[in-house]
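Each chain is listed here by its residues.
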Amino acid sequence: MDERTRENLRANLESVEHRIQQACVRAGRSRADVTLVAVTKTVTAEIAAALVELGVVNLGENRPQELWRKADLLPKEVQWHLIGHLQRNKIERTLPLVEWIHAVDSVRLLHALEEAAANQQRRPRVLLEVNASGEATKQGFALTEAAGLAPTIEALTHLHVCGLMTMAAPIEPEACRPTFRSLRNLRDTLQREVSNHRLDHLSMGMSNDFEIAIEEGATYIRLGTVLFESRD
Ligand SMILES: *Cc1c(COP(=O)(O)O)cnc(C)c1O
C-alpha cells in the first residue's frame, strides 16, 4: 500500500474522530460510550490492517465468507462484528470468529444461534435487527413484531442479547432521527420486560447519519465510506 493511501486513511480517521467527539459533546455523552466499528467490506485486508495499526480494532463485515477470509489474514487483536445477514448453515464456522453479531433478523435464526452457542459452549453477543424505518424492502423485525419479543429473549440462556440494531433510510441525516429514536424507545420498552439480559447497546449510524445516531444514543456506529473515501 502506498504512502498516499495510508495518509488518506489517517486523515479520514482523524476527521471522523473529531465529528464523533463533537456529537458526544452535543449529546452530553462520554466518548467512551460510543464504539467505532470500521466496515471493511469494500477494502482489501491490507487496508483493513492499516486501520488496525492506526488503533481501530473493531472491524465489521456484512458477509460471513468475507469475514472468515479477513479474520484469517488480520491480527488476532481484531474484534470482529458480523453486521449483515447470517445464513443458518454459516453459524458454526462464524461463531468462533466473532465478538458481535449485529443483524439477527428472525426468531428462527435466534434459536439456531442459541443451539450452536450451547453446542460450542460459547456466549456470543447478539443484537436484534429492527426495520425501524419501515421500508418495505428491508430486513429485520418490524417494530410491532419486535415489541412482542420479550418472552423469546427471556427464554435464551446461551446467547447474550445485548440490544438492537437498525439501518436508517438513505435520506437527509436529520430525517433519520425518528428512526433512531424509535429504536431507542423500543429498547427501553423491551428492557422493562426482560430481566435476564441487559439490552445496553444500540448499533445505529452509518456514514450518512452517524452524528444524529450518536445524539440519539448509539453505542456502536458502523462506518465504511467516510473512512475509506478518497480525500481528493
Ligand atoms: C456497508 C454497511 C455499513 C457502512 O455503510 P457506510 O454508509 O459505507 O458507512 C453499515 N452497516 C451495514 C449493515 C452495512 O452493510
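Check the entry above for the structure.
Residues numbered from 1 in each chain as written. Predicted model: local features only at pLDDT ≥ 70, side-chain atom pairs only at ≥ 80, totals over all residues. Heavy atoms only, no water.

**Student:** Would you explain the overall build of the protein chain in this entry?
**Tutor:** Counting its regular elements, the protein chain contains 10 helices and 9 strands. For 232 residues, the compact-globule formula gives about 17 Å, and the C-alpha radius of gyration of the protein chain, at 17 Å, lands near that figure. The proportion of buried residues among the 232 residues of the protein chain is 50%. Restricting to contacts in the protein chain with at least 6 residues of sequence separation, those with at least 24 account for 61%. (Helix = DSSP H or I, 4+ residues; strand = E, 2+ residues; numbered from the N terminus. Rg over C-alpha atoms; globule rule 2.2 N^0.38 Å. Buried < 20%, exposed > 50% of the residue type's maximum accessible area, 1.4 Å probe, protein only. Contact = heavy atoms within 4.5 Å.)

**Student:** Would you take a moment to explain the layout of surface pockets for this structure?
**Tutor:** Vacant regions in the atomic arrangement are exposed by a probe of water-molecule size rolled over the atoms. The computed volume of the largest pocket comes to approximately 370 Å³. Forming the boundary of the largest pocket are 21 residues, of which Val39, Lys41, Ile83, Met167 and Met206 lie nearest the centre. Put simply, the parts of the chain that give the lining of the largest pocket at least two residues each are strand S9 (220-223) and helix H10 (225-228). When its residues are assigned to classes, the lining of the largest pocket shows 8 nonpolar, 9 polar and 4 charged. Taken as a whole, the second largest pocket encloses approximately 190 Å³ of empty space. Lining the second largest pocket are Asp2, Arg4, Thr5, Asn8, Leu9, Val43, Ile47, Leu227, Phe228, Ser230 and Asp232. Counting only elements with at least two residues in the lining of the second largest pocket, the list comes to helix H1 (3-27) and H10. Residue contributions to the lining of the second largest pocket peak at 4 residues, all from H1. Its residues placed into classes, the lining of the second largest pocket shows 5 nonpolar, 3 polar and 3 charged. (1 Å grid on protein atoms, 1.4 Å probe; cavity = no way out; pocket = protein on both sides within 12 Å on 5 of 7 lines; lining within 4 Å. Points joined across faces, edges and corners; volume = space filled by probe spheres on them. Nonpolar A, V, L, I, M, F, W, Y, C, P; charged D, E, K, R; others polar.)

**Student:** What is the right way to read the site of the ligand from this model?
**Tutor:** Neighbouring the ligand are the residues Val39, Lys41, Asn62, Ile83, Met165, Met167, Met206, Ser207, Arg222, Leu223, Gly224 and Thr225. Measuring from an oxygen atom of the ligand, one finds a side-chain N or O atom of Lys41 at 2.8 Å. Isolated, the ligand exposes 390 Å² of accessible area, and the fraction of that covered by the protein chains is 86%. The cavity that encloses the ligand is the largest pocket. (Near = heavy atom within 4 Å. Polar contact = N/O pair within 3.5 Å; in protein donor to acceptor, adjacent residues only side chain to side chain. Areas by Shrake-Rupley, 256 points an atom, 1.4 Å probe, with all protein chains shown as cover. Sits in = over half its atoms within 2 Å of the grid points.)

**Student:** Honestly, H1 in this entry has me stumped. Any pointers?
**Tutor:** Given 3.6 residues per turn, any residue in an α-helix points the same way as the ones three and four places further on. The terminal C-alpha atoms of H1, which comprises 25 residues, lie 36 Å apart, in line with the 36 Å expected from a rise of 1.5 Å per residue. Of all the positions in H1, only Asn8, Leu9, Ala11, Asn12, Leu13, Val16, Ile20, Ala23 and Cys24 are classed as buried. Gly28, located one to two residues past H1, shows a positive phi value of around 65°. (Expected span 1.5 Å × (residues − 1).)

**Student:** Where do I start with helix H3 (residues 64-73) in this structure?
**Tutor:** Those residues of H3 that fall on the buried side of the exposure criterion are Pro64, Glu66, Leu67, Trp68, Lys70 and Ala71. Among the structural elements, helix H2 (45-53), strand S2 (58-61), strand S3 (79-82) and helix H4 (91-94) are those in contact with the buried residues of H3.

**Student:** I tried to follow the pairing of strand S7 (residues 160-165) on my own but got confused; where do I start?
**Tutor:** Successive residues of a regular strand alternate their side chains across the two faces of the sheet. Within S7, 5 of the 6 residues are buried, leaving the element largely enclosed by the surrounding structure. Two elements, strand S5 (residues 125-131) and S7, share 5 bridges in a ladder whose sense is parallel. Among the inter-strand pairings, Leu127 is bridged to a residue of S7, identified as Gly163. Here S7 pairs with strand S8 (residues 201-203) via 3 bridges, running parallel. Bridging from a neighbouring strand, Leu164 pairs with Leu202 of S8. (Pairing = 2+ DSSP bridges.)

**Student:** Sorry if this is basic, but what is going on with the pattern of salt bridges here?
**Tutor:** Opposite charge on two side chains permits them to pair, given that their charged atoms come into close proximity. Tallied over the full model, the rule gives 18 salt bridges. A salt bridge links Arg26 to Glu215, with the nearest nitrogen and oxygen atoms 2.7 Å apart. With a gap of 189 residues between them, Arg26 in helix H1 and Glu215 in helix H9 (residues 210-215) connect regions that are remote in the sequence. Between Asp200 and Arg198 there is a salt bridge; the shortest N-O distance is 3.1 Å. Because the salt bridges share partners, they merge into one network encompassing Arg26, Glu174, Arg177, Arg181, Arg184, Glu215 and Glu216. (Salt bridge = Lys/Arg side-chain N within 4 Å of Asp/Glu carboxyl O.)

**Student:** Even after reading the chapter, I still don't get the environment of Leu143, so can you show me in this structure?
**Tutor:** By the secondary structure assignment, Leu143 is in helix H6 (residues 143-147). Discounting chain neighbours no more than four positions away, the residues touching Leu143 are Val130, Ala132, Ser182 and Leu186.

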